[in-house]
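Residue-level structure breakdown
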Amino acid sequence: MALSYKARKRWSLVILLIGMPAYVVACVTVLNWLDRPPFWIEILVYLTLGILWALPFKFVFKGIGQADPDAEK
(Lines give C-alpha, C1' and ligand atoms only; values in the text may rest on other atoms or scores of the structure.)
Protein backbone atom coordinates (compact mmCIF):
# COMPACT_ATOMS: atom_id res chain seq x y z
CA MET A 1 0.00 0.00 0.00
CA ALA A 2 1.46 3.33 -1.06
CA LEU A 3 1.54 6.23 1.35
CA SER A 4 0.15 9.59 0.33
CA TYR A 5 2.44 12.58 0.05
CA LYS A 6 1.06 14.02 3.28
CA ALA A 7 1.59 10.76 5.18
CA ARG A 8 5.14 10.38 3.84
CA LYS A 9 5.90 13.95 4.91
CA ARG A 10 4.61 13.29 8.44
CA TRP A 11 6.46 9.96 8.72
CA SER A 12 9.68 11.57 7.52
CA LEU A 13 9.42 14.15 10.31
CA VAL A 14 8.79 11.42 12.89
CA ILE A 15 11.75 9.43 11.63
CA LEU A 16 14.08 12.44 11.63
CA LEU A 17 12.98 13.94 14.95
CA ILE A 18 12.51 10.77 17.02
CA GLY A 19 13.97 7.80 15.17
CA MET A 20 17.28 9.31 14.11
CA PRO A 21 18.34 10.56 17.57
CA ALA A 22 17.29 7.22 19.10
CA TYR A 23 19.35 5.37 16.48
CA VAL A 24 22.40 7.58 17.15
CA VAL A 25 22.15 6.99 20.90
CA ALA A 26 21.80 3.24 20.35
CA CYS A 27 24.82 3.09 18.02
CA VAL A 28 27.03 5.12 20.35
CA THR A 29 25.93 3.05 23.34
CA VAL A 30 26.73 -0.24 21.61
CA LEU A 31 30.14 1.04 20.48
CA ASN A 32 30.91 2.27 24.01
CA TRP A 33 30.22 -1.21 25.41
CA LEU A 34 33.06 -2.52 23.27
CA ASP A 35 36.62 -1.65 24.07
CA ARG A 36 37.78 1.30 22.03
CA PRO A 37 38.61 -0.10 18.58
CA PRO A 38 41.33 1.45 16.43
CA PHE A 39 40.38 4.87 15.09
CA TRP A 40 40.00 3.79 11.46
CA ILE A 41 37.68 0.91 12.41
CA GLU A 42 35.59 3.25 14.55
CA ILE A 43 35.25 5.74 11.68
CA LEU A 44 34.36 2.91 9.29
CA VAL A 45 31.67 1.62 11.68
CA TYR A 46 30.14 5.10 12.13
CA LEU A 47 30.14 5.76 8.38
CA THR A 48 28.52 2.40 7.68
CA LEU A 49 25.87 2.88 10.36
CA GLY A 50 25.27 6.43 9.11
CA ILE A 51 24.37 5.10 5.68
CA LEU A 52 22.48 1.99 6.79
CA TRP A 53 19.86 3.85 8.85
CA ALA A 54 18.36 5.49 5.76
CA LEU A 55 18.06 2.45 3.50
CA PRO A 56 14.84 1.03 5.01
CA PHE A 57 13.20 4.47 4.88
CA LYS A 58 14.16 5.39 1.32
CA PHE A 59 10.55 5.10 0.10
CA VAL A 60 9.37 7.51 2.81
CA PHE A 61 11.88 10.25 1.96
CA LYS A 62 11.61 9.99 -1.82
CA GLY A 63 10.08 13.18 -3.27
CA ILE A 64 9.44 14.93 0.06
CA GLY A 65 11.41 18.05 -0.91
CA GLN A 66 9.30 18.64 -4.01
CA ALA A 67 5.87 20.13 -4.44
CA ASP A 68 2.85 18.05 -3.47
CA PRO A 69 1.85 16.08 -6.57
CA ASP A 70 -1.69 15.62 -5.22
CA ALA A 71 -2.32 19.34 -4.70
CA GLU A 72 -4.62 21.14 -7.09
CA LYS A 73 -2.95 23.78 -9.22
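Above this text sits the structure in question.
Note that this is a predicted model, so its numbers are computed, not measured.

A short note on a nonpolar patch on the surface
A surface patch of nonpolar side chains, amounting to about 830 Å² of accessible area, comprises Leu 3, Trp 11, Leu 13, Val 14, Leu 16, Leu 17, Ile 18 and Phe 59. One can find Leu 13 in helix α1 (residues 5–33).

Considering the side chain of Ser 12
Turning to its location among the elements, Ser 12 is positioned in helix α1. Take Ser 12: its relative accessible area is 5%, and that puts it in the buried class. Non-local contacts of Ser 12, meaning those with residues more than four positions away in its chain, are made with Val 60, Phe 61 and Ile 64.

Notes on the side chain of Arg 8
Within the fold, Arg 8 resides in helix α1. You can call Arg 8 buried: its relative accessible area is 15%. Residues contacting Arg 8, with those up to four places away along its chain left out, are Leu 3, Phe 59, Val 60, Lys 62, Gly 63 and Ile 64.

Overview of α1
Counted at 1.5 Å a residue, the expected span for α1 with its 29 residues is 42 Å, and the 40 Å between its end C-alpha atoms agrees. Within α1, the full set of buried residues consists of Tyr 5, Arg 8, Ser 12, Ile 15, Cys 27 and Leu 31. The inward-facing, buried residues of α1 abut α2 (39–52) and α3 (58–61).

Describing the packing of α1 against α2
Direction vectors running N to C along α1 and α2 enclose 150°, while the axes themselves pass 11 Å from each other. If you check the angle between α1 and α2, you find them roughly antiparallel. In the crossing of α1 with α2, the sense of the turn from one axis to the other is right-handed. When α1 is examined against α2, the residues Tyr 23, Cys 27, Val 28 and Leu 31 are found in contact with a partner set consisting of Val 45, Tyr 46, Leu 49 and Leu 52. Partitioning the contact of α1 with α2 into residue classes produces 8 nonpolar, no polar and no charged.

Reading guide: rules and limits
By convention here, each chain's residues receive numbers from 1 onward along its written sequence. In keeping with the model being predicted, local features are shown solely for residues with a pLDDT of at least 70 and side-chain atom pairs are shown and tallied solely at 80 or more, while totals for entire chains, interfaces and linings include all residues. As a convention, hydrogens and water are excluded, and side-chain values are obtained from all of the structure's heavy atoms. Patch criteria: residues need more than 30% relative accessible area and no salt bridge. Like-charged residues are merged within 9 Å; nonpolar side chains of Val, Leu, Ile, Met, Phe, Trp and Tyr are merged within 5 Å. Accessible surface is estimated by sampling points in the Shrake-Rupley manner with a 1.4 Å probe; for residues, cover comes only from the protein chains shown. Whenever Lys or Arg places a side-chain nitrogen within 4 Å of a carboxyl oxygen from Asp or Glu, that contact is recorded as a salt bridge. Secondary structure elements follow DSSP: runs of H or I of four or more residues count as helices, runs of E of two or more count as strands, with numbering from the N terminus. Relative accessibility thresholds used throughout: buried, under 20% of the residue-type maximum; exposed, over 50%; partly exposed, between the two (1.4 Å probe, protein chains only). Throughout, a residue-residue contact means that at least one pair of heavy atoms, one from each residue, lies within 4.5 Å. Multiply 1.5 Å by the residue count of a helix minus one, and that product is the helix's expected span. Geometry is summarised by axes, namely lines fitted to C-alpha atoms with helices restricted to the contacting stretch, and by angles between N-to-C directions that run from 0 to 180 degrees. What sets the label is the angle itself: under 35 degrees gives roughly parallel, over 145 gives roughly antiparallel, 65 to 115 gives roughly perpendicular, and the rest give oblique. By convention, the crossing between two helices is left-handed when the near helix turns anticlockwise from the far helix through less than a right angle, and right-handed when the turn is clockwise. For this classification, the nonpolar set comprises Ala, Val, Leu, Ile, Met, Phe, Trp, Tyr, Cys and Pro, the charged set comprises Asp, Glu, Lys and Arg, and every other residue, Gly included, is treated as polar.

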